[in-house]
Amino acid sequence: MLDRSRCARAALAILLLCTCLDGRARTRTGEWRSYGYDPGGSRYSPLDQVRRDNVSRLAQAWVYHHGEPAAAPGREGPAFESTPLMIGDLLYFTSPRGRVIALDAESGAERWTFDPRLTAAQGAPRHRGVAYWEAGRDRRIFVGTHDGRLIALDASTGRPRAAFGDRGQIQLDARLSLRSPPAVFKHLVIVGSAAPEFPASGPSGDVRAFDARTGRQVWEFHTIPRPGEPGHDTWEAGAWRGRTGANVWSMMAVDDVRGLVFLPIGSASYDFYGGDRRGQNLYASSIVALDAATGRLRWHFQTVHHDLWDFDVPAQPVLVSVEHDGRRVDAVAQVSKTGFVYLLERETGRPLFPIEERPVAASTVPGEAAWPTQPFPLKPPALARIAPLTRDDLSDVTPEARQYCEALFDRVVSGGLFTPHGEKLTLVFPGNLGGASWSGAAFDPGSGYLFVNVNELGAVGEMRKLASGGYRRGSDLPRGEYARFWDERRWPCQKPPWGTLNAVNLHDGSIAWRVPLGMVEALAAKGMKDTGTPNLGGAIVTAGGLVFIAGSNDARMRAFDARTGAVLWEAALPASGHATPMTYLGPRSGTQFVAIAAGGGGYLSSTHADALVAFTLK
């Protein structure tokens, strides 16, 4: 006979367990625990308190100033590129110099800071944030430094965890800079680095995994294969030896279920000349999937063969699930500086849409051997201009802009995508600032839309012979080696739009919508409000149907309707927000916040600030 009291007690126990688990789920849902929200970099938050119908009420809640100085007049300034994490009741982020800062998530009040006390200067400072790891009560923040160290901090106090490495830190090569947060898989912390771009010889760009508790190195992946390793034969005549570059300077993605880590690998050094590294040059400019526990190669896909353009794979891969040929497929979406979006099956690297190897222009530089073909995805279409620019395409937003741009255009050889720079001044579209950049992408699992902001900006340069042998790109234009195709006001020299936000339907490879991102105040005053601007710093998407992004070079934060691309809200910032925002629930109030680092500076902006700004509904 059925014991009703026992059944009732069991039912109550199950109810209490479900309630407890549901509460824990709500707490986790309200947090932002990885750079891209989750280890797979989706940048999708299930929070929906801020929605299409009330986002107009979003207002500033608080501002925190990190206090680091701006650049001297006329110098490239520090770039505040950090995206905070939110765990428990704290926000964790980094300043441009890599100081770690913890704030109260509700008020913005400072709880603790950690200064890594840099031992070497690494150019204009920029840093993108931290990683979080926990095992039981052991909660740690991991941060890389500009002078090549990996540091483990107690998440509650900010003090180094002495048992990790040498009193809380591991010294990698001091010539490397660890600007982006590492990836975390189970008990491992996986680290890439920013390596020198000139000269060609220098520190290795290898990726390493360390035990999160002790700092013991567990594995190392050679991004430039050594003798006997797959891909070694793509480097002719020993060109692999002592080579720097082919490094992971951006963010990695992790598939916890499959035990895979996805590496966005940059170009080999020197970026613009490969006469001393003939061959296809694996695994430079490639997406690489490794067994996260062992570092063993699972598959690779090279987006650019024998890269001569600094066309790094610049952004965190995004792990997505799509409908393809009548079935659900787990895939990885990778945006690129070339403007292409690569959609690859997650287990094998097989492209879901056709990719053609097409003949491209040969190099005219003596000793150079450009690869004869390059991969062109048929879907989705390129998100940025890839065709050569013509005189009819030049900007006419003002007579002065037209005059300057015509004079510059008359000096260049105009080429499109994959045109090698020659000994004459050469214009290449897109340039090495994109297309897409480290800004990356956000994925909405409900619609299947991938949200990508891109630049429409060319690069200008010429190859100059060095007395020591080989060539180096340069120019007599502002920024020299990294000159852009823009005028004296940094307005791009082709007709607008100069920056766009795109929604790509990954189910069928179509463009769902495309809108200009940003505006130029002086031109908006004349009625030209849809120019867009160059941009750095990516998007997030929420269950409230909103895409949040700053990024544009006009010191504004915006919310777009995720279905249509309509602007539903915007707010002025102290400086341009060249970072990716994040969103979370206040642990005490239960209200949704949206936060953005607004620092200006960097490659694009001449204005500077030191502000982390948080918004909430009023």
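Residues numbered from 1 in each chain as written. Predicted model: local features only at pLDDT ≥ 70, side-chain atom pairs only at ≥ 80, totals over all residues. Heavy atoms only, no water.

Asker: What is the right way to look at the pattern of salt bridges in this model?
Answerer: Side chains that carry opposite charge are capable of pairing whenever their charged atoms lie near each other. Taken as a whole, this structure holds 43 salt bridges when the rule is applied. Note that Arg327 is salt-bridged to Glu345, the shortest N-O span being 3.5 Å. A residue pair is termed long-range when its members are at least 10 positions apart, and Arg327 in strand E22 (residues 327-335) and Glu345 in strand E23 (residues 341-345) qualify at 18 residues. Among the residues examined, Arg327 registers a relative accessible area of 39% and is labelled partly exposed. Glu345 sits in the buried class, given a relative accessible area of 14%. A salt bridge links Asp410 to Arg391, with the nearest nitrogen and oxygen atoms 2.5 Å apart. Residue Asp410 is found in the loop between helix H2 (399-409) and strand E26 (413-415), and its partner Arg391 is found in the loop between strand E25 (373-377) and H2; the two are separated by 19 residues along the sequence. For Arg391, a relative accessible area of 34% corresponds to the partly exposed category. (Salt bridge = Lys/Arg side-chain N within 4 Å of Asp/Glu carboxyl O. Helix = DSSP H or I, 4+ residues; strand = E, 2+ residues; numbered from the N terminus. Buried < 20%, exposed > 50% of the residue type's maximum accessible area, 1.4 Å probe, protein only.)

Asker: What am I meant to see in the state of the cysteines here?
Answerer: Should the sulfur atoms of two cysteines be covalently bonded, the bond is a disulfide. All chains considered together, the criterion is met by one disulfide. The disulfide partner of Cys405 is Cys493, and the gap between their sulfur atoms is 2.1 Å. Sign of the S-S torsion, about -75 degrees for the bond between Cys405 and Cys493, identifies this disulfide as left-handed. Taken as a pair, Cys405 in helix H2 and Cys493 in the loop between strand E32 (483-484) and strand E33 (499-505) lie far apart in primary sequence, 88 residues in all. (Disulfide = S-S within 2.5 Å.)

Asker: What is the right way to read the confidence of the model for the chain from this model?
Answerer: Caution applies to low-pLDDT parts of the model: their predicted coordinates are not meant to be read in detail. Residues at a pLDDT of 70 or more form 94% of the chain, whose mean pLDDT is 94. Counted against residues more than four places away or in other chains, residues 1-27, with its pLDDT under 50, gives one contact. (pLDDT = per-residue confidence, 0-100. Contact = heavy atoms within 4.5 Å.)

Asker: Quick question: what am I supposed to make of the packing of aromatic side chains here?
Answerer: By convention here, two paired aromatic rings are described through the distance between centres and the angle between planes. Summed over all chains, the structure comprises 24 aromatic pairs. Here Phe376 and Phe418 contribute two aromatic rings whose centre-to-centre distance is 5.6 Å and whose plane-to-plane angle is 75 degrees, an arrangement assigned as edge-to-face. Here Phe418 lies in the loop between E26 and strand E27 (426-428) and Phe376 lies in strand E25, a separation of 42 residues in the sequence. In this structure Phe418 comes out as buried when scored by relative accessible area, which is 1%. One aromatic cluster is present, formed by Phe301, Trp309, Phe311, Phe340, Tyr342, Phe376 and Phe418 through successive ring pairs. For Arg472, the ring lying beneath its charged end belongs to Phe198, and the centroid distance is 3.8 Å. Lying over the aromatic face of Phe272, Arg473 brings its terminal NZ or CZ to 3.8 Å of the ring centre. (Phe/Tyr/Trp six-rings, centres within 6.5 Å; stacked < 30°, edge-to-face > 60°. Lys NZ or Arg CZ within 6 Å of the ring centre and 35° of its normal.)

Asker: Would you mind showing me how to read the layout of surface pockets here?
Answerer: Which parts of space are left empty comes out when a probe the size of a water molecule is rolled across the atoms. What the second largest pocket holds in volume is close to 580 Å³. Every element with two or more residues in the lining of the second largest pocket is listed here: strand E9 (131-135), strand E13 (183-185) and strand E17 (253-255). For the lining of the second largest pocket, the element with the most residues is E9, which contributes four residues. Residue composition of the lining of the second largest pocket, grouped by class: 16 nonpolar, two polar and seven charged. (1 Å grid on protein atoms, 1.4 Å probe; cavity = no way out; pocket = protein on both sides within 12 Å on 5 of 7 lines; lining within 4 Å. Points joined across faces, edges and corners; volume = space filled by probe spheres on them. Nonpolar A, V, L, I, M, F, W, Y, C, P; charged D, E, K, R; others polar.)

Asker: Even after reading the chapter, I still don't get the sheet that holds strand E11 (residues 149-154), so can you show me in this structure?
Answerer: Two pairing modes exist for strands in a sheet, parallel and antiparallel, and in both the strands are linked by backbone hydrogen bonds. The strand order E9-E10-E11-E12 describes an open sheet built from four strands, whose pairing is antiparallel. Of all the strands in the sheet, the pair left with one neighbour each is E9 and strand E12 (169-171). The average undirected angle you get between the axes of adjacent strands in this sheet is 20 degrees. Direction of pairing for E11 relative to E12: antiparallel, over a ladder of three bridges. (Pairing = 2+ DSSP bridges. Axes fitted to C-alpha atoms, helices over the stretch in contact; angles between N-to-C directions.)

Asker: I keep staring at the side chain of Gln334 and nothing clicks. Help me out?
Answerer: Structurally, Gln334 can be placed in strand E22. Polar contacts involving the side chain of Gln334 include one to the main-chain carbonyl oxygen of Ala315, which spans 3.0 Å. Sequence-distant contacts of Gln334, defined by excluding residues within four places in its chain, comprise Pro264, Ile287, Val313, Ala315, Gln316, Pro317, Phe340, Val341 and Tyr342. (Polar contact = N/O pair within 3.5 Å; in protein donor to acceptor, adjacent residues only side chain to side chain.)

Asker: What exactly am I supposed to notice about unusual backbone geometry here?
Answerer: The phi angle of most residues is negative, glycine excepted, and most peptide bonds adopt the trans form. In this structure, Pro380 follows Lys379 across a cis peptide bond, with omega equal to -20 degrees. Here the amide bond leading from Phe429 into Pro430 is cis, since omega sits at -10 degrees, within 30 degrees of zero. Tracing the sequence through the fold places Pro430 in the loop between E27 and strand E28 (441-444). Located in the positive-phi region is Arg167, a residue other than glycine, with phi close to 55 degrees. In this fold, Arg167 is placed in the loop between E11 and E12.

Asker: Explanation requested: the sheet that holds strand E18 (residues 260-264) in the structure shown.
Answerer: The antiparallel open sheet is built from four strands, whose spatial order is E17-E18-E19-E20. Whereas interior strands pair on both sides, the edge strands pair on one side only; in this sheet they are E17 and strand E20 (297-302). Strand-to-strand twist in this sheet, taken as the mean axis angle between neighbours without regard to direction, amounts to 15 degrees.

Asker: Just checking my understanding: could you explain empty space enclosed by the protein for this structure?
Answerer: For the structure shown, the criterion picks out two cavities of 30 Å³ or more. There is about 90 Å³ of room inside the largest cavity. In terms of lining, the largest cavity is formed by 16 residues, of which the most central are Ser180, Pro181, Val191, Gly192 and Ser193. The residue inventory of the lining of the largest cavity, partitioned by class, reads nine nonpolar, six polar and one charged. Space inside the second largest cavity adds up to approximately 40 Å³.

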